[in-house]
Amino acid sequence: MPASILIADSSSSMRALIERAISVAGLPVSRCLQACDAGQALRLIESRSIDFLLLDTHLGGIDQEKLLEALDPRSEAVAVPFMVTSSDASSARIQRLLEAGARDYLLKPFSIPTLCARLDTALRTVHGNH
Amino acid sequence: MGTTDMQQTSEIEAALERLFHHTLEVMCFTEAERLPSLPAMGDAIEASVAFGGSRTGHLQLQVEPVAARSLTAAFLGLEVGHPSLALQTADTMGELARILCGRLVTSLDSSTPVEMKPACIGIRKPEKIIGQAFRAGAGTLRITLQMS
């Protein structure tokens, strides 16, 4: 079943690039929503039916930690499956996000074929678990 | 500057240059040519990122408008004359600066996460200032890295 995706990234051009790549690659996505900061992402997750979140780690906004807490499958909050994109290659950040439930961690800069392949795999894993 | 300091500066210089080439190739399908000296910049789109973590500092990317338009078009997969480019150019240069900054800082210490925020003004004297210039997308790009 096609997924509803939220692209959360502070860069409007990165959000546009990812949305276009998803469309051109024909990934199983029914609609793309966008958020430019953590607060907006959190509100969209809480108020709409989001199946999957593509999250940049340097998303601005005061609610960033709150957002990560909400995404943690161990918490009792929304627990939306998510994948991370980031230019932060530190082992501490990667470990923190994977422990928080990230399905994948894709380093920026990334090529479009790599993004699409990794996102497709993550979406199929999520779909397979439902 | 001592030998260790010079060695460290040269490692940072090499990492910055390698990451700049890699970022432009992957995100903008563009090859950049390193210039032997830092040119004076006229009108330029300027993106700056302040960073913290194991290192603190400030990375500034200055790009001539013609190069910024060309790189943004390549980044978004649009024609150079596309009307939406005017709105996306500054944001795209900011994203390139953030990618470069994040990868550079975590390549120097891969154990500590990097924090990035809009540039702020401070009085701390940076220990290192590195400048590099490139020719890409029919224009000039200049990077300045201040780090302590």
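As the structure is a computational prediction, the values presented were derived from the model and not from experiment.

K.L.:
Help me understand the overall build of chain A in this model?
P.N.:
Helix and strand counts for chain A come out as 5 helices and 5 strands. Secondary structure elements in chain A, listed N-terminal to C-terminal, are β-α-β-α-β-α-β-α-β-α. Its C-alpha atoms give chain A a radius of gyration of 13 Å, near enough to 14 Å, the size a compact globule of 130 residues would have. Expressed along its principal axes, the backbone C-alpha trace of chain A runs to roughly 35 × 30 × 25 Å. Burial statistics for chain A: of 130 residues in total, 39% are counted as buried. For chain A, restricting intrachain contacts to residue pairs at least 6 apart in sequence, the fraction spanning at least 24 positions comes to 63%.

K.L.:
It is not clear to me how the overall build of chain B should be interpreted in this structure. Could you clarify?
P.N.:
The secondary structure content of chain B amounts to 3 helices and 6 strands. Each helix and strand of chain B, ordered N terminal to C terminal, gives the series α-β-β-β-α-α-β-β-β. The globule rule puts the C-alpha radius of gyration for 148 residues at 15 Å, and the 15 Å found for chain B is close to it. Overall, the C-alpha framework of chain B stretches about 50 × 30 × 30 Å when taken along its three principal axes. For chain B, with 148 residues in total, the buried portion stands at 41%. Sequence separation of at least 24 residues holds for 66% of the intrachain contacts in chain B that already meet a minimum separation of 6.

K.L.:
Quick question: what am I supposed to make of the interface of chain B and chain A here?
P.N.:
With 25 residues of chain B at the interface, the matching set in chain A holds 20 residues. Of all the secondary structure elements, the ones that give two or more residues to the side of chain B that touches chain A are α1 (3–28), α2 (65–76) and α3 (85–108) of chain B. Considering each element in turn, the side of chain B that touches chain A owes the most residues, 11 residues, to α3(B). When grouped by side-chain class, the residues that make up the side of chain B that touches chain A number 8 nonpolar, 13 polar and 4 charged.

K.L.:
Looking at this structure, how should I read the packing of helix α1 (residues 12–25) of chain A against α2(B)?
P.N.:
Two quantities define a packed helix pair, namely the angle between the axes and the distance from one axis to the other. Closest axis-to-axis distance for the α1(A)/α2(B) pair is 9 Å, and the angle between their directions is 35°. Across the interface between the two elements, A:S13, A:A16 and A:L17 of α1(A) pack against B:T72, B:F75 and B:L76 of α2(B). Residues belonging to the contact of α1(A) with α2(B) are distributed by class as follows: 4 nonpolar, 2 polar and no charged.

K.L.:
Can you help me understand α3(B) in this one?
P.N.:
An α-helical segment advances 3.6 residues per turn. Residues three or four places apart therefore align on the same side. Counted at 1.5 Å a residue, the expected span for α3(B) with its 24 residues is 34 Å, and the 34 Å between its end C-alpha atoms agrees. Among the 24 residues in α3(B), 18 count as buried, and that is most of the element.

K.L.:
In this structure, what is going on with the confidence of the model for chain A? I would like to understand it.
P.N.:
Note: predicted coordinates in regions of low pLDDT should not be interpreted at a detailed level. Across chain A, pLDDT averages 88, with 91% of residues at or above 70. Element-level pLDDT for chain A is lowest in helix α3 (residues 64–71) of chain A, with a mean of 74, against a maximum mean of 97 in strand β5 (residues 105–107) of chain A.

K.L.:
How should the sheet that holds β5(A) be read in this particular structure?
P.N.:
Two strands in a sheet stick together by hydrogen bonds in their backbones, pointing the same way (parallel) or opposite ways (antiparallel). Residue and element names in this part refer to chain A. In spatial order, the strands read β2-β1-β3-β4-β5; together these 5 strands make up an open sheet with parallel pairing. The open sheet has two edge strands with one neighbour each: β2 (29–35) and β5. Each neighbouring strand pair of the sheet contributes to a mean axis angle of 20°, computed without reference to strand direction. Taken together, the 6 bridges between strand β1 (residues 3–8) and β2 define a ladder with parallel strand orientation.

K.L.:
How do you make sense of the environment of A:S12 when you look at a structure like this?
P.N.:
Looking at where A:S12 falls in the secondary structure, it is placed in helix α1. Taking the C-alpha atoms as reference points, A:S12 and A:C36, 24 residues apart in sequence, are found 7.3 Å from one another.

K.L.:
Can you walk me through the pairing of strand β2 (residues 45–52) of chain B in this structure?
P.N.:
Remark: a regular strand shows side chains that alternate across the two faces of the sheet. All names here are of chain B. In β2, alternate side chains face the same way, and those of I45, A47, V49 and F51 are buried while those of E46, S48, A50 and G52 on the opposite face are not. Of the pairings in the sheet, the one linking β2 to strand β3 (residues 57–63) comprises 7 bridges and is antiparallel in character. Residue S48 lies in a different strand from β3, and its bridge partner there is Q60. Counting the residues in the hairpin turn of β2 and β3 gives 4 residues, including G53, whose phi is positive at 135°.

K.L.:
Explain the pairing of strand β6 (residues 139–147) of chain B to me, please; I cannot follow it from the model alone.
P.N.:
Residues and elements named next belong to chain B. Burial within β6 is extensive, with 7 of its 9 residues counted as buried. Here 7 bridges tie β3 to β6, and the two strands are oriented antiparallel to one another. Looking at the pairing, Q62 lines up with R142 of β6. Strand direction decides the pairing type here: strand β5 (residues 128–136) and β6, joined by 9 bridges, are antiparallel. Considered in β6, the bridge of G131 is made with T144. A loop of 2 residues connects β5 with β6, the two strands running antiparallel in sequence, and G137 in this loop sits at a positive phi of about 55°.

The rules behind each value
- Residues numbered from 1 in each chain as written.
- Chains lettered and ligands numbered in written order.
- Predicted model: local features only at pLDDT ≥ 70, side-chain atom pairs only at ≥ 80, totals over all residues.
- Helix = DSSP H or I, 4+ residues; strand = E, 2+ residues; numbered from the N terminus.
- Rg over C-alpha atoms; globule rule 2.2 N^0.38 Å.
- Buried ≥ 20, exposed ≤ 12 C-beta atoms within 10 Å, placed from the backbone.
- Contact = placed C-beta atoms within 7 Å.
- Nonpolar A, V, L, I, M, F, W, Y, C, P; charged D, E, K, R; others polar.
- Axes fitted to C-alpha atoms, helices over the stretch in contact; angles between N-to-C directions.
- Expected span 1.5 Å × (residues − 1).
- pLDDT = per-residue confidence, 0-100.
- Pairing = 2+ DSSP bridges.

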